[in-house]
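Observations on the model geometry
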Amino acid sequence: MNVRDPFGLHRKSALSILRTTASRATADFTERAVEASLNAIEKSKRAVADLDMSFSVPKNVPSFGNPQRIAEDRVWGSTAVTSRAPRPSSHHPNKDPGLLGGVQDRVGGLFDDRNALPMYKDKPYAYPASQRPRPLWRRKRLLAIILSFISLLYYFGAFGRHNDTVVSPTPVWAWLTAGSESGKAADWVKRRDLVVEAFTLSWDAYDRYAWGYDAFHPMSKKGEQMAPQGMGWIIVDALDTMILMNLTSRVTHARRWISNSLSYDQDQDVSTFETTIRMLGGLLSAHYLSNEYPNLARLAEDDPGAPGEDLYLEKAKDLADRLASAFDSPSGIPYASVNIGKYEGLPAHDEGGASSTAEATTLQLEFKYLAKLTGEKYFWDKAEKVMEVVDNNMVEDGLVPIYIYATDGTFRGHNIRLGSRGDSYYEYLIKQYLQTNKQEPIYLEMWDQSLQGVRKHLVTFTEPSGFTIIGERPDGLEGALSPKMDHLVCFMPGTIALAATGGLTETEAKKQATWTVKSEADMQLARELMQTCWGMYKWMATGLAAEITYFNVADPPLQGSAPHHSPAEFTEDPQAEWRKDFTVHAMDNHNLQRPETVESLFYMWRITGDIRYREWGWEMFKSFMNHTAVQDGGGFSSLTNANKVPPVMRDNMESFWLAETLKYFYLLFSPDDLLPLDQIVINTEAHPFPRFDMGQLFSTGWKRKARDSRGKTSR
């Protein structure tokens, strides 16, 4: 998956964000105070009636609403955002500093040493109940002072740092601190039910405050559109998760909105990649699940012969016809964007108009499956042509630069990485091979060559502990290795295991004639990378990984074949030796609720049966619940700083929180017969599709050119 910014949020200037934030703050402040009181009873009723929760929200949780629009998801890095709690006074560490203390904390925060190593904590943050702040309605006399302060804070730039909100005095859910069994003795069905409850909390908050909008800001409780009439960005992306969770009433509500309100006939530029994997993928997956699993979220409208039987497929076909315009380039490489109303492909606005390589090569599962469903071969041909053009470049050891021109199909620059803009190219190689029931060996050959190239050029080991990482080559294969791993790279452990076994369990795969020494080595690499990705979570104060992690490596870095041995466990000691291997920069410590690590944990559990991967997932899920919950009914938010407790929140819920992260948690804790891995492929947005035979209509319409020993094209 690629860096996701479909709304251009990260490209807005800090000044425009600051002005917008301040202008909304004064108008919203009183409204929030009144709204918190008026809605308190209603929220309690809905929590009981709608969620049927096995744990309940405490009755006396104070209002955590924040009137200010956070500078959130607007700027990468350490920009102005909202912390979940004020820091205690240095003279009175247990005393709530109150409003003025929060202002002082804001100013003091300007001089924080943000590069200092955090104290590792794995327990929920809390402070004594006696220090609970008084409700706002009991401080009416301060309203005039507060409003004045807001104006003064804006004038003096105090909002440029962050705005503190109060954290709950006790954990919201008792099960977070209660002891629980581990391993095989754990009640995994109950844990799965808790994932469902987390989803319903998130979904119902979106339903309540931003229904029909493409983006949801859970703290300010507002929505935002990326198109005049909306694209169904959250609704469509989360639809198949609700089907799998058997949330019938919510599926019904979403389906009716799709039927009555969703239209792609809009004069709107959209990301070809994002719209394909989220919207097209979501619609196709909903079509598949509603037919393959008719008893999950069963609706009469989906029954064979019903008028709405093919609703999802019809919407998908309409959208794909519009997206297909992106492929109408001189080379066949799709343009980065497409105007879905004008059926017009548009080059990228940066990088000289080049498309992201990962984006151009992560459309194939969706368009091929649609071609199979509709019999429209041109969907297949357009998607397949891209793979031929990419492969016909002079590519060494199967590793491709991260940009490619749609004009002539050649690469731009030499930057090679498996993080943003490179990652899902490799993911879709093996998944295309599996999608057509292993009838296209060309993609297995490309995958094997690429994985060998990863071992040769990108794999190295950290110091002093010897963890396995996949680095980057910003200046090409002849340039230096950068010991940097995006969180996105953590899709690799699961993908490697999937490729080695074909989706069978490791035990079953070893019985096959295709199992080799290479297969054994690939599984070992998958295990080592999985441990490293888990370490990226354990290193952070919240237990939630940063967007980017750097590692301490030898100079020059060790080769991928070098002997190494990493510790079996991550000890909790803040001064533990293993912590020296990891580094997170201040600009990279945000957590966007990404799914890649739990995705790999799901694959590793299903394939190896090693209970540790389930347990790691459970610990990760608890960290999300403990540190990302917006406790006044807003659901869950991504974090701007995940390396402090309490964390700094971004006021944004990513659609892939519902579509991917919570879905993978649900599948990780589910029985293995739900979506068997040897019968499906899952797209890069976690939308499952069936495997199928190509039949007479479809075939691999191209052949690879002859290669030399380095994998480059012979001349």
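Preceding this paragraph is the structure being described.
Residues numbered from 1 in each chain as written. Predicted model: local features only at pLDDT ≥ 70, side-chain atom pairs only at ≥ 80, totals over all residues. Heavy atoms only, no water.

Notes on the overall build of the protein
Within the protein, the secondary structure is distributed over 19 helices and 21 strands. Every one of the 715 residues in the protein was classed for burial, and the buried ones make up 61%. Residue pairs in contact within the protein that sit at least 24 positions apart in sequence constitute 77% of those at least 6 positions apart. Working note: accessible area of the protein is about 27,700 Å², and carbon and sulfur atoms make up 51% of it. (Helix = DSSP H or I, 4+ residues; strand = E, 2+ residues; numbered from the N terminus. Buried < 20%, exposed > 50% of the residue type's maximum accessible area, 1.4 Å probe, protein only. Contact = heavy atoms within 4.5 Å. Areas by Shrake-Rupley, 256 points an atom, 1.4 Å probe, with all protein chains shown as cover.)

Details of the pattern of salt bridges
As enumerated under the stated definition, the model contains 33 salt bridges in all. Its salt-bridge partner being aspartate 204, residue arginine 250 comes within 2.9 Å of it at the nearest N-O pair. Taken as a pair, arginine 250 in helix H6 (residues 248–260) and aspartate 204 in helix H4 (residues 188–210) lie far apart in primary sequence, 46 residues in all. For the pair formed by arginine 250 and aspartate 204, the shared burial category is buried. Arginine 606 is the salt-bridge partner of aspartate 672, the closest N and O atoms lying 3.4 Å from each other. Taken together, the residues aspartate 672 in the loop between helix H19 (655–668) and strand E20 (680–682) and arginine 606 in helix H17 (residues 596–608) connect sequence positions 66 residues apart. (Salt bridge = Lys/Arg side-chain N within 4 Å of Asp/Glu carboxyl O.)

Thoughts on the sheet that holds strand E9 (residues 403–404)
Here we have three strands laid out as an open sheet, ordered E8-E9-E10, and antiparallel in their pairing. Among the strands making up the open sheet, the edge pair consists of strand E8 (355–356) and strand E10 (411–412). Note: E8 against E9, two bridges, orientation antiparallel. Within the sheet, the bridge partner assigned to serine 355 lies in E9 and is isoleucine 404. (Pairing = 2+ DSSP bridges.)

Things to note about the state of the cysteines
Enumeration over the complete set of coordinates arrives at one disulfide. Between the sulfur atoms of cysteine 490 and its disulfide mate cysteine 533 the distance is 2.1 Å. When the S-S torsion is -100°, as for the bridge of cysteine 490 with cysteine 533, the disulfide is left-handed. Note that cysteine 490 is positioned in the loop between strand E13 (484–486) and helix H14 (492–501) and cysteine 533 in helix H16 (residues 517–538), a separation of 43 residues in sequence. (Disulfide = S-S within 2.5 Å.)

What to know about unusual backbone geometry
A cis amide bond links glutamate 463 to the next residue, proline 464, at an omega of 5°. With respect to the element layout, proline 464 can be found in the loop between strand E11 (459–461) and strand E12 (468–470). The step from aspartate 555 to proline 556 runs through a cis peptide bond, and the omega angle for that step is 0°. Following the sequence through the fold, proline 556 ends up in the loop between strand E14 (548–551) and strand E15 (582–583). Phi angles above zero are rare outside glycine, and asparagine 246 is one such case at about 65°. Structurally, the position occupied by asparagine 246 is in the loop between helix H5 (233–244) and H6. Phi at alanine 686 is positive, roughly 65°, even though this residue is not glycine. Position of alanine 686 relative to the elements: it lies in the loop between E20 and strand E21 (688–690).

Quick look at the side chain of asparagine 641
By secondary structure assignment, the location of asparagine 641 is in strand E18 (residues 639–641). Of note is the side chain of asparagine 641, whose polar atom sits 2.8 Å from the backbone nitrogen of asparagine 643. (Polar contact = N/O pair within 3.5 Å; in protein donor to acceptor, adjacent residues only side chain to side chain.)

Some thoughts on the packing of aromatic side chains
Within this structure, the stated rule accounts for 31 aromatic pairs. An angle of 70° between the planes, with centres 6.1 Å apart, marks the rings of tryptophan 618 and phenylalanine 669 as edge-to-face. With tryptophan 618 in helix H18 (residues 611–628) and phenylalanine 669 in the loop between H19 and E20, the pair connects residues that are 51 residues apart, well separated along the chain. Neither residue differs from the other here; tryptophan 618 and phenylalanine 669 are each classed as buried. An aromatic cluster of at least three residues, connected via ring pairs, comprises Trp188, Trp618, Phe621, Phe624, Phe636, Trp657, Phe665 and Phe669. Directly above the aromatic system of tryptophan 380 lies the positively charged group of lysine 368, at a separation of 4.9 Å from the ring centroid. Lying across the ring of tryptophan 578, arginine 579 places its NZ or CZ 5.5 Å from the centre. (Phe/Tyr/Trp six-rings, centres within 6.5 Å; stacked < 30°, edge-to-face > 60°. Lys NZ or Arg CZ within 6 Å of the ring centre and 35° of its normal.)

Things to note about the sheet that holds strand E7 (residues 344–346)
Spatial ordering of the open sheet is given by E5-E6-E7, a layout of three strands whose pairing is antiparallel. The open sheet terminates on both sides in strands that have one partner only, identified here as strand E5 (269–271) and E7. Shown here is a sheet whose adjacent strand axes are inclined to one another by a mean of 30°, direction ignored. Note that E5 and strand E6 (residues 337–339) share three bridges and pair antiparallel. Paired with aspartate 269 across the bridge in E6 is asparagine 339. Here helix H7 (residues 272–292) sits on the sheet in contact with E5 and E6, set at roughly 70° to E5. (Axes fitted to C-alpha atoms, helices over the stretch in contact; angles between N-to-C directions.)

A short note on the environment of arginine 192
Among the structural elements, arginine 192 can be located in helix H4. With a relative accessible area of 17%, arginine 192 lands in the buried category. Considering only alpha carbons, one finds arginine 192 and phenylalanine 669, 477 residues apart in sequence, at a separation of 5.3 Å. Not counting the four nearest positions on each side in its chain, arginine 192 is found in contact with Tyr666, Phe669, Ser670 and Pro671.

Examining the pairing of E14
The pairing of E13 with E14 spans three bridges and is antiparallel. Each residue of the ladder has a partner; that of methionine 485, found in E14, is threonine 549. Where E14 lies against E15, two bridges are found, and the strand directions are antiparallel. Bridged to phenylalanine 551 within E15 is phenylalanine 582.

With respect to helix H13 (residues 441–457)
The terminal C-alpha atoms of H13 lie 24 Å apart, and with 17 residues this matches the ideal 24 Å at 1.5 Å per residue to within 8%. Looking at H13, one finds that the buried residues are Ile442, Tyr443, Met446, Trp447, Gln449, Ser450, Leu451, Gly453, Val454 and His457. (Expected span 1.5 Å × (residues − 1).)

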